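Summary of the model geometry
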Amino acid sequence: MSDTTHVLVLPDRDAAEEVADLLAARYTLDAEPRLVRDALAGEDDAEDAQWLVVVDDPREELIPEELDGLAADFEGWLE
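Figured I'd write up the structure that's included with this text. (Residues numbered from 1 in each chain as written. Predicted model: local features only at pLDDT ≥ 70, side-chain atom pairs only at ≥ 80, totals over all residues. Heavy atoms only, no water.)

Our focus in this paragraph is the overall build of the chain. Check the secondary structure of the chain and you find two helices and four strands. Written out in order from the N terminus, the α and β elements of the chain read β-α-β-β-α-β. Sequence-distant contacts in the chain: of pairs separated by 6 or more residues, those separated by 24 or more amount to 64%. Entry remark: accessible area of the chain is about 5000 Å², with carbon and sulfur atoms responsible for 45%. (Helix = DSSP H or I, 4+ residues; strand = E, 2+ residues; numbered from the N terminus. Contact = heavy atoms within 4.5 Å. Areas by Shrake-Rupley, 256 points an atom, 1.4 Å probe, with all protein chains shown as cover.)

This part takes up a negative patch on the surface. A grouping of Asp12, Asp14, Glu18, Asp21, Glu32 and Glu75 is seen on the molecular surface, where their side chains present a negatively charged patch. Within the element layout of this structure, Asp21 appears in helix α1 (residues 13-26). Residue Asp21 is classed as exposed on the basis of its relative accessible area of 55%. (Patch = residues over 30% accessible without salt bridge, like charges linked within 9 Å, V, L, I, M, F, W, Y side chains within 5 Å. Salt bridge = Lys/Arg side-chain N within 4 Å of Asp/Glu carboxyl O. Lys, Arg positive; Asp, Glu negative; His and termini not counted. Charge placed at Lys NZ, Arg CZ, Asp CG, Glu CD. Buried < 20%, exposed > 50% of the residue type's maximum accessible area, 1.4 Å probe, protein only.)

Moving on, we get to the environment of Gly76. Structurally, the position occupied by Gly76 is in the loop between α2 (64-73) and β4 (77-78). Looking at Gly76, the relative accessible area reads 12%, which means it is buried. As for Gly76 and Asp12, which are separated by 64 residues in sequence, their C-alpha atoms are 9.4 Å apart. In contact with Gly76, other than residues within four places in its own chain, are Val9, Leu10 and Ala71.

See below:
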């Protein structure tokens, strides 16, 4: 088994929740995607936080280009 993990960076919680739901619906995942709030370095305002969707891919079945495209649909990207 591999330790492959994908991190999608999204601009807000709503986008992150929607992307996590889409991932769970589109792919057979071993675990639910995790949402993580990521405050930008040096930012004082809590509103300026990005949200990460962390997806474990132990069988390396997810295609990074597809994940990046999905994130881009929500003004995000694949890290």
